[in-house]
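# Results of the structural survey
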Amino acid sequence: MFDGNMNSLITNIGIVSASFLIFRIIEISYSRTKRPPYPPGPKRLPLIGNLLQIPPSHLWEKAVEWRKEYGDLIYLESLGQRMLLVNSYEHAMELLANRSAIYSSRPHLTMAVDLEGWIWATGFTPYGDNFRKHRSYQQRFIGSPETLNYLEAQISETRNMLKNILEDTENYGTYVQSLPGSVILMNVYGHRVEKNDRYVDIGQRGVQYASDAEQYMFLDVFPWLKYIPEWFPWTKFHKVAKEVKKVQHAMRYDLYQVSKEKAANGILKECMTSIFLSENTRGDGSIADEDNFSAAAATLYMGGVDTSVTAIMSFVMQMLKNPNVQRKAQEEIEVVVGADRLPYFEDMENLPYVRAVCAEVLRHAAIATLIIPHSSTKDDVFNGYFIPQGTIVLANAWAMAFNPEYFPDPHAFKPERWLSSTSGKETKGPRSTDFGFGFGRRACPGRDWAQSLLFIAASSILATFNIEKAIGEDANPIEPNEEYYPGFIRQLGPSKCKFIPRSPRMVSLVKSYVNGNEV
Ligand code: HEM
């Protein structure tokens, strides 16, 4: 009896399971035939997809080449990971801004998030409550200078940089490299940067490590590899992750702790942390929402310390390559600012040519080539194509910056294209700041901060110095360094060149300002 029941139970389960399986197969094949196609893209091989066609670097340039065949949307798969390259500004806006409820998350990167521990940094945080809290702190303190007057630190640190360049011209690169870090550390933690400052170094190493994590994408395909013990051969990634973890931890906590101690002793200068602590420290000493605040603050440190260096380095390189542009910008400064003081933010409105130079620097430098990858949280259909949930969307800001339909003669450096008041206006497309800082809910919160620092640094350098090519041993001018480090975030090193003070008056002005006796 028992055996008979058991047999029929097994038979029934078998029938039900088989029916379920058949139903699923029919359902899947039906949905496949009904579902719209993926966007066009290079032919995928079974299992590995486009793995062999995706170049190890300069994917943004490959995407432009593919555009001729497939158009502005290019769909790729690599070992099961779906990717969508978006070459046009209009499509990036449509997906990442107009449909930002679906396209505002970040991919989960095994190396960066699980092994190195960057999950706290806003740029790696998935869409959700923590992300929203980070963004509201960042918007409040850095989105505009209303709560915290970050412009003051931008002016004073720029003038420090001018003085250092005056005294040690050969090493101008060192001072440009530390300018953004010295401003952001003052803004966020009230920390005054010293020569060879440990925290600027930690910040720059942290940014480099975080962007290098993309080299370990094989761990996303085989995430179980992360459980292999460290002593096992070919697990160098464990050693790298261990080292990065120390830097990541230092970025997140070290300066925050120092600032907290200073605040407790009443010696913390006004900054983002001092304002937050004064508003959120409870009677028993505990601090409301401290985790989200310290993460949002440390991500600003991360965002501010590096990208703006590329912008200012690119400005110097372009001035070396385009002496006529340099002269024209200096003439405008002479008329508006005069030769008796250095520029202020109040001059910005009256310096359209200098503003155009800055806009052209940002376009031409294309600092964040593929912005930061977004990830979709829902299946979507766009322009008749199916974009599955979990697709990594890469907006090709480099392609937008050099699109000849928006910017005729795109590789030429032409500030005139941004001047609406001259007949030379040639720009038909978006502004460089519309795509260079990303899209939608994830767009860079440091956009205004970065633009104002570039303006004050560029106009102050132009007012103080003539930048000229150095002369080589063969008596020929040395061409400027145009070799960008080809990462998702492009970096540019200094050129061999001369910073020649424009007049003894400018020299004494810079010195007097730094010594606190502004003339
Ligand atoms: C010229 C300088 C800069 C450029 C070109 C730049 C560009 C970008 C881009 C393209 C993104 C990704 C946006 C997206 O995914 O749609 C981004 C994100 C971010 N940037 Fe910037 N940035 C610059 C300066 C700064 C500065 C100065 C700060 C901080 C003071 C900053 C803080 C951030 C943060 C926190 C994020 C992450 C936002 C998120 O994931 O929600 N950036 N930036």
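It should be emphasised that the depicted structure is a prediction, and the values quoted were computed from it without experimental measurement.

Calculation notes
Residues numbered from 1 in each chain as written. Predicted model: local features only at pLDDT ≥ 70, side-chain atom pairs only at ≥ 80, totals over all residues. Heavy atoms only, no water. Helix = DSSP H or I, 4+ residues; strand = E, 2+ residues; numbered from the N terminus. Buried < 20%, exposed > 50% of the residue type's maximum accessible area, 1.4 Å probe, protein only. Contact = heavy atoms within 4.5 Å. Areas by Shrake-Rupley, 256 points an atom, 1.4 Å probe, with all protein chains shown as cover. Lys, Arg positive; Asp, Glu negative; His and termini not counted. Charge placed at Lys NZ, Arg CZ, Asp CG, Glu CD. Near = heavy atom within 4 Å. Polar contact = N/O pair within 3.5 Å; in protein donor to acceptor, adjacent residues only side chain to side chain. Nonpolar A, V, L, I, M, F, W, Y, C, P; charged D, E, K, R; others polar. Donors = N, O, S within 2.8 Å, 3.2 Å for Na, K, Ca; no water. Pairing = 2+ DSSP bridges. Salt bridge = Lys/Arg side-chain N within 4 Å of Asp/Glu carboxyl O. Core = buried A, V, L, I, M, F, W, Y, C linked by side-chain atoms within 4.5 Å. Expected span 1.5 Å × (residues − 1). Phe/Tyr/Trp six-rings, centres within 6.5 Å; stacked < 30°, edge-to-face > 60°.

Bringing the overall build of the protein into the picture now. Scanning the protein for helices and strands turns up 19 helices and 10 strands. Taking the principal axes of the C-alpha coordinates as reference, the protein spans close to 110 × 60 × 45 Å. The buried share among the 519 residues of the protein stands at 50%. Sequence separation of 24 or more characterises 72% of the internal contacts of the protein that already satisfy a separation of 6 or more. For the protein, the accessible area works out to roughly 24600 Å², and carbon and sulfur atoms hold 55% of it. Across the protein, the mean location of the 55 positive side-chain charges is 3 Å away from that of the 58 negative side-chain charges.

As a structural note, the neighbourhood of the ligand is formed by 30 residues, with R106, R135, H374, R442 and C444 the closest of them. Within the side chain of R442, a nitrogen or oxygen atom sits 2.9 Å from an oxygen atom of the ligand. Put simply, the parts of the chain that give the shell around the ligand at least two residues each are α5 (129-143), α12 (290-304), α13 (307-321) and α18 (447-464). When the residues that make up the shell around the ligand are grouped by side-chain class, the tally is 15 nonpolar, 12 polar and three charged.

For the rest of this paragraph, the subject is the coordination of the iron atom of the ligand. Coordination of the iron atom of the ligand by the protein involves just one donor, C444 (SG), at a distance of 2.3 Å. Inspection of the secondary structure puts C444 in the loop between α17 (432-435) and α18.

Sheet topology places strand β1 (residues 73-78) next to strand β2 (residues 81-86); six bridges connect them, and they run antiparallel. Within β2, the residue paired with E77 across the bridge is R82. With antiparallel pairing between neighbouring strands as the criterion, β1 and β2 make up a hairpin whose turn holds two residues, including L79 at a positive phi of roughly 50°. The pairing of β2 with strand β6 (residues 392-395) spans four bridges and is classified as parallel. Of the residues in β6, the one forming a bridge with V86 is A395.

An order of β1-β2-β6-β3 is seen for the four strands of this open sheet, with the pairing classed as mixed. Strand pairing shows two members of the sheet lacking a second neighbour, β1 and β3 (374-375), which therefore form its edges. Where β3 and β6 come together, two bridges link them in antiparallel fashion. Directly across from S375, in β6, lies its bridge partner I392.

Scanning the entire structure with this criterion turns up 25 salt bridges. Across the pair D380 and R99 runs a salt bridge, and its minimum N-O distance is 2.9 Å. Placement of the pair is D380 in strand β4 (residues 380-382) and R99 in the loop between α3 (89-98) and α4 (110-115), with a sequence separation of 281 residues. Residue class for D380 comes out buried when judged on its relative accessible area of 9%. Its salt-bridge partner being K469, residue E479 comes within 3.2 Å of it at the nearest N-O pair. Here K469 lies in strand β7 (residues 465-469) and E479 lies in the loop between β7 and β8 (484-485), a separation of 10 residues in the sequence. For E479, a relative accessible area of 52% corresponds to the exposed category. Taking the relative accessible area as the measure of exposure, K469 reaches 25% and is therefore partly exposed.

One finds W118 and F315 to be the most contacted residues of the largest nonpolar core, which totals 156 residues. Of the residues forming this core, the biggest block, 11 residues, is contributed by α18. Here W118 is in contact with A112, V113, F124, G206, A210, V244, Q248, M251 and M302, once residues within four sequence places are set aside.

Our next topic: α18. An ideal rise of 1.5 Å per residue puts 26 Å on 18 residues; α18 measures up with 26 Å between its terminal C-alpha atoms. Of all 18 residues that make up α18, 15 are buried, and the element is covered over most of its length.

Take unusual backbone geometry next. Of note, D289 is a non-glycine position whose phi angle comes to about 55°, a positive value. The class of D289 is partly exposed, set by a relative accessible area of 28%. Even without a glycine there, the phi angle at I371 is positive, about 40°. Topologically, I371 is positioned in the loop between α15 (352-365) and β3.

For S314, the location among the structural elements is in helix α13. Classification of S314 by relative accessible area gives buried; the value is 1%. A polar contact of 2.8 Å, which involves the side chain of S314, links it to the side chain of Y484. Beyond its immediate chain neighbours, meaning those up to four positions away, S314 contacts V361, A365, Y484 and L492.

It is worth spelling out α15 at this point. Because each turn of an α-helix spans 3.6 residues, side chains separated by three or four positions end up pointing in the same direction. Taking 1.5 Å of rise per residue, 14 residues should cover 20 Å, and α15 covers 20 Å from first to last C-alpha, within 8% of that figure. When you tally the buried positions in α15, you get 12 out of 14 residues, the bulk of the element. On its buried face, α15 sits against α13, α14 (323-336), α16 (397-401), α17, α18 and β8. Residue A366 follows α15 closely and has a positive phi angle near 35°.

Let us look at the packing of aromatic side chains. Given two aromatic rings, their pairing is described by the distance between the two centres and the angle made by the two planes. In this structure the tally under the stated criterion is 21 aromatic pairs. Between Y89 and F439 the ring centres are 6.2 Å apart and the planes differ by 45°, which places this aromatic pair in the tilted class. Pair noted here: Y89 is in helix α3 and F439 is in the loop between α17 and α18, with a separation of 350 residues, a long-range link. Both residues of the pair, Y89 and F439, belong to the buried class. Taken together, a centroid distance of 5.9 Å and an interplanar angle of 75° make the contact between Y406 and F407 edge-to-face. Among the aromatic side chains, those forming a connected cluster through ring pairs are Y137, Y256, F276 and F293.

On their own, these measurements won't tell you what the molecule is for.
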